[in-house]
Structure formats: C-alpha cells, structure tokens
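Fold and contact review
Listed below are the residues making up each chain.
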Amino acid sequence: MRVFGFLAIVSLASATLKFKPQLKRGQHEVLEERQVSPYPALTIDMPIDHFPHSSRYAPHVNGTFKERYFFDSTYYKPGGPVYLYISGETAGTNRFSNLQRGIIQILMQATNGLGVILEDRYYGKSFPFNNSSTDNLRFLTTEQTVADKVYFAQHAVFPGVTGNLTAPGTPWILYGGSLAGGETAAAIKTYGDVLFGGIASSAPVNTVLPYPEWYNPIQKYGPQDCVASVNAIIAKIDYLTDTKNTQAINELKAIFGLGSLKDIRDFAMTIAFPIGGPLNYPTNTWQELNWYPAYNGPDFFNFCSNVTNIDAPVNDTAIDNALAKYTHGEPWLNLGNYATYFKREFLPLCPDGNYNSPSCFGTQDASFWADTSNGQGRSYLYTTCTELGAYQVAPKSGPSLIMNVLQLDYTQQWCTWAFPPGKYNKIPPTPDLEQFNKYGAFDIKADRLAFIDGSIDPWLDLCYHSEKAPLRTTSDLHPEYFITGAGHHWDSSGILNVAAEPLFIQQAHLWEIKTVKKWLRAFDSWKMGRGNKREL
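To continue, consider the overall build of the protein chain. For the protein chain, the count of helices and strands is 18 helices and eight strands. Here the C-alpha atoms of the protein chain give a radius of gyration of 24 Å, agreeing with the 24 Å that 2.2 N^0.38 yields for 536 residues. When the backbone C-alpha atoms are referred to their principal axes, the protein chain occupies close to 80 × 55 × 45 Å. Burial statistics for the protein chain: of 536 residues in total, 60% are counted as buried. As displayed, the protein chain offers around 20600 Å² of accessible surface, 53% of which is attributable to carbon and sulfur atoms. On the protein chain, the mean spot of the 43 positive side-chain charges and the mean spot of the 49 negative ones are 4 Å from each other.

Spelled out as structure tokens, the structure:
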C-alpha cells in the first residue's frame with residue numbers, strides 16, 4: 001500500500017515523500033521515461049469535479065485536466081474486451097510491465113483484449129493544478145478518482161484501433177492492486193451498470209486508523225531467529241524509554257550512529273527502515289518480496305541474515321554487552337549485528353551526516369511538510385490523512401518489531417503540518433474512514449467483482465480475505481481466490497509464460513483467465529438487459 005522514502009511506490013504500494021536521495025532517483029526516472037517509452041502517452045480531458053452538486057467540493061470548478069493513459073493493442077481483435085489497469089499511487093509509466101508481461105498481458109492474450117493503463121489523478125503528470133495546496137487537493141478523493149474510471153471508459157479513444165470501444169457497448173474489465181484494487185472494487189460497486197467487471201487484488205476494503213497488523217505476517221512467517229532477536233532488542237529499547245533512561249537512550253543512539261536525531265520517534269522510525277518504518281523506508285521490506293527473482297526485493301532477508309550472523313566480527317558482538325548494565329546485566333543479543341548492518345546500509349544515504357535534517361531522517365520541521373509542490377508522495381499522504389488511515393503503529397501488547405513510541409500522534413502530526421487549513425478545504429482531525437468504507441467494507445459485494453489476496457501480505461487485514469472478515473465462498477458472479485504463501489498483489493506479475501510459473505501463481509492466473517472468460521460469455525445478455533443507464 002505504501003512505501004514513502006527513497007523507493008518508488010503502497011502501496012499499500014509505495015510512494016515517494018521525502019529525503020533528497022529520493023529526488024535524485026526521481027530525476028533519473030524522468031530521464032529514463034524520456035529515453036525509453038514503449039507506449040506513447042495519450043491524454044483525455046477529464047473533468048476536475050464529477051460532483052457539481054455536492055457541497056463537499058464547493059466552490060466548484062468547471063474545468064478539465066489532462067489525464068494520461070497508455071494502451072497496448074497487440075492481442076486485440078474486434079469484439080474483444082478492454083482491460084483497464086488502474087495505475088494507483090504511482091505514475092502510469094511505472095506500470096508498463098503489466099501490459100508487457102503481467103496480468104493485463106495474460107488476460108489480453110487469453111481473450112483477444114486491449115489493455116490500457118489510466119494514470120490516477122494527482123499522480124505522474126496528471127495533476128489538475130500547478131500545485132497541491134490544501135484547497136487544490138480537495139478534488140483528490142476516492143469518489144472523484146473512481147468517477148474518472150467510468151468517465152474514461154465512456155469517452156476513451158484508441159488511435160489506430162478500428163471501432164468504438166467505449167463502455168458499456170464493449171466489456172470493460174478493471175484490474176487494480178493495492179490502493180488501486182480498492183478503487184477497482186468501489187468502481188464496480190458504484191458503476192456496475194457501465195463497467196462490466198473488475199479484479200481487485202490486495203485491495204483495502206475495510207480501512208482502520210491504527211494498523212499494527214502490518215507487522216503480523218513478519219512475526220508469523222519471517223525467519224524466526226531474526227524475528228525473535230529484533231523483538232527482544234525492541235523490548236529492551238522500550239524498557240529504556242518507559243523508564244526515561246536518557247543516558248542509556250543516548251548511548252543507544254550513538255551505537256546506531258544516530259546521536260544527532262533529537263526526537264525519539266524519528267530514531268524509532270529510522271532503525272525500523274529494514275523492517276518497514278511508519279510511512280518511510282528507503283530499502284525493500286517484507287512488502288517488496290515477490291515470487292519472481294527479477295521483481296523480488298530481498299533486502300529484508302539480507303537484513304535478517306546479518307542480524308543472526310553467528311560468525312560476526314568480535315567488534316560487532318562486543319556491542320551486545322554495551323548496554324547490559326541498563327538491563328540487569330542481560331546482554332542484547334545481536335544488537336551489534338543490527339547496528340552494524342544499519343550503519344553500513346543507511347547512514348551513507350545522508351553523506352553530509354546531518355541526520356536530524358528533514359532532508360535526511362528528521363521529520364520534526366513543520367516547514368518541510370508544508371511544501372505544496374506536486375508529487376506522488378504528497379498526494380498519497382493526503383489520501384492517507386483524509387480517507388485511508390491505516391497508520392503503521394506498534395501493537396499495544398505482545399512482541400513488537402518497532403518501538404512503542406511509534407503511535408498515531410507521530411503520523412497525524414505530519415498530516416497537520418502538511419495540510420494546513422485552506423480557504424475552502426481543511427483535513428479532518430483524523431481520517432474520515434467512512435469515505436473509504438462506505439462502499440461496503442468487509443461486506444462489499446457486486447456482480448463480476450473478483451477479489452484475490454495473498455496470505456503473507458502485510459496489508460491483508462484491510463482486505464477482503466482478512467482474518468477479521470466473514471468466511472468467504474466463491475461463485476461465478478462473486479469470485480474470490482486466496483493465494484497461500486503470496487504477498488502484496490503477487491498475481492499482477494508475470495513472465496510471458498504462465499505454464500512456467502510457480503504452481504501457486506500459475507493456478508491464480510489460470511483462475512483469473514477462467515473467471516474473465518465466464519463473464520465474457522454472459523456479456524451480450526448483460527448488455528441487452530441494461531436498459532437506459534447513466535452517463536458521466
């Protein structure tokens with residue numbers, strides 16, 4: 001769902017938010033896009049405001065903005081469906097692999113379909129305004145974003161492709177993973193009379209404010225020697241903070257090379273980077289694991305291998321006893337390995353050594369957050385602060401992989417600083433979760449809306465197959481599939497050869513093909529039974 005920091009996107013996917021090294025990477029991505037673009041960028045004139053009679057968006061605007069899209073007609077034959085891949089919380093150019101070898105390519109090939117990526121509003125180059133002030137962001141809501149999809153399906157043109165492919169005359173089937181999966185579900189629930197169907201992968205459907213469950217799959221499925229070591233180290237650190245042992249905390253910061261970090265929560269977030277600090281993590285975490293090596297980010301397992309290294313240098317293992325005097329003589333097993341790995345992998349990201357700076361690991365400069373420049377990090381943060389929530393926090397009890405000081409107030413403070421009240425818009429004191437959950441939450445249901453999730457996804461407990469959701473049963477109209485051993489929308493990736501995929505992914509892809517083929521057989525009768533339906 002989200003990864004702020006140095007990585008490309010949440011997300012629930014990942015999004016970029018802060019840190020100067022990220023800006024450098026972003027500049028490289030722009031250059032790369034200019035040099036290598038297999039699909040030309042097209043634009044549609046999208047209404048900024050789809051709800052001119054809703055007081056929520058007053059004062060209303062009548063204008064449009066250029067929303068980008070990219071399409072692939074390699075497999076298309078007249079009469080085939082259109083597969084709309086929702087870009088979600090990143091630029092559309094970052095989703096090309098889904099047209100080339102991922103889920104959309106798989107479905108296009110199986111059904112003679114056309115694939116198209118629609119860039120979400122306020123991402124990539126699809127910004128309605130020149131800046132993202134609080135007032136200008138008032139049109140960044142789930143319902144406006146979802147309305148873009150149906151408007152696009154009713155007005156899209158595909159140069160070089162013969163015929164009118166607009167909905168509902170042509171079957172449009174949406175696919176979204178992570179936040180875009182939630183948008184897919186909301187779109188089919190709301191506009192199922194125009195949009196024929198959708199597959200929502202790792203889709204948040206029931207969001208909450210505190211979300212300590214993000215760390216549950218790591219606790220359950222991660223390397224247990226590593227997990228136990230980190231849990232024990234964090235428990236000792238929490239003891240120091242609970243007892244307000246300032247001297248010990250300062251020594252601990254120095255061990256990690258972070259003596260200059262002033263706020264203990266910034267320290268807590270920063271040492272959690274290898275695991276997944278709240279909203280920020282500059283290297284791959286559990287969420288970035290993938291079934292296919294070319295897509296996989298193995299940094300988490302590299303971290304664990306280092307933490308549990310039994311052949312570590314003496315200088316590292318000696319650190320395990322450095323703070324024992326503060327814990328009744330009990331050593332901090334593997335603290336030296338943890339700190340050494342952290343210093344080697346993360347401190348070089350801030351070469352000037354000013355770790356407390358907001359351009360590095362510090363977050364406590366309100367002016368830094370108030371920058372209204374357009375960017376996907378700011379857009380994603382706005383959605384998080386206004387509707388999505390799911391703040392990553394430490395659990396209230398039991399073992400924890402992150403320090404207990406990481407609670408709601410830490411993230412909410414960033415929201416307050418980033419989005420001060422405007423003339424026409426202000427953010428709620430905490431996210432208005434009903435704006436996201438109103439589509440049905442765990443009870444969401446619509447014809448031809450399929451849900452697919454993975455058992456080791458850190459966002460699972462927001463999704464359709466959450467352990468907190470009712471027992472699920474499948475049918476042709478309401479299909480669902482749960483991939484044991486899979487992570488965050490792993491079904492979106494492919495290798496141009498379904499038969500050669502690992503069996504658990506292959507079977508998921510075959511299920512998606514079967515599901516869509518069943519739907520398409522019923523399209524003509526669905527179209528005849530629609531009657532007079534609305535148009536945006």
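The discussion continues.
Moving on, we come to helix 15 (residues 408–418). For helix 15, every residue scored as buried is listed here: Y410, T411, Q412, W414, C415 and A418. In this structure, the buried side of helix 15 is in contact with helix 9 (264–271), helix 13 (366–369) and helix 14 (376–388).

Right, let's talk about helix 4 (residues 142–155) for a bit. The terminal C-alpha atoms of helix 4 lie 20 Å apart, and with 14 residues this matches the ideal 20 Å at 1.5 Å per residue to within 8%. Most of helix 4 is tucked away: 13 of the 14 residues are buried.

Here we come to the pairing of strand 7 (residues 449–454). With six of its six residues buried, strand 7 lies for the most part within the structure. Here strand 7 shows a buried face lined by L449, F451 and D453 and a second buried face lined by A450, I452 and G454. Direction of pairing for strand 6 (residues 197–201) relative to strand 7: parallel, over a ladder of four bridges. Paired with S201 across the bridge in strand 7 is I452. Bridge analysis of strand 7 against strand 8 (residues 480–483) gives four bridges, and the strand direction is parallel. Within the sheet, the bridge partner assigned to F451 lies in strand 8 and is E480.

Sheet architecture is open: eight strands sit in the order 1-2-4-3-5-6-7-8, paired in mixed fashion. Each end of this open sheet is capped by a strand with a single partner; those strands are strand 1 (42–47) and strand 8. Going across the sheet, the axis of each strand differs from the next one's by a mean of 20°, ignoring polarity. Alignment of strand 3 (residues 82–86) against strand 4 (residues 114–118), held across five bridges, turns out to be parallel.

Moving on, we come to the pairing of strand 3. Within strand 3, five of the five residues are buried, leaving the element largely enclosed by the surrounding structure. Burial along strand 3 is two-sided: V82, L84 and I86 and Y83 and Y85, pointing in opposite directions, are all buried. Examined bridge by bridge, strand 3 and strand 5 (residues 172–177) share four bridges and lie parallel to one another. Counterpart to Y83 in the pairing with strand 5 is I173.

Looking at the element boundaries, E213 is found in the loop between strand 6 and helix 6 (216–221). For E213, a relative accessible area of 15% translates into the label buried. Residue contacts for E213: discarding those within four places in its chain leaves P458, D461 and K468.

Rules of the game
- Residues numbered from 1 in each chain as written.
- Predicted model: local features only at pLDDT ≥ 70, side-chain atom pairs only at ≥ 80, totals over all residues.
- Heavy atoms only, no water.
- Helix = DSSP H or I, 4+ residues; strand = E, 2+ residues; numbered from the N terminus.
- Rg over C-alpha atoms; globule rule 2.2 N^0.38 Å.
- Buried < 20%, exposed > 50% of the residue type's maximum accessible area, 1.4 Å probe, protein only.
- Areas by Shrake-Rupley, 256 points an atom, 1.4 Å probe, with all protein chains shown as cover.
- Lys, Arg positive; Asp, Glu negative; His and termini not counted.
- Charge placed at Lys NZ, Arg CZ, Asp CG, Glu CD.
- Contact = heavy atoms within 4.5 Å.
- Expected span 1.5 Å × (residues − 1).
- Pairing = 2+ DSSP bridges.
- Axes fitted to C-alpha atoms, helices over the stretch in contact; angles between N-to-C directions.

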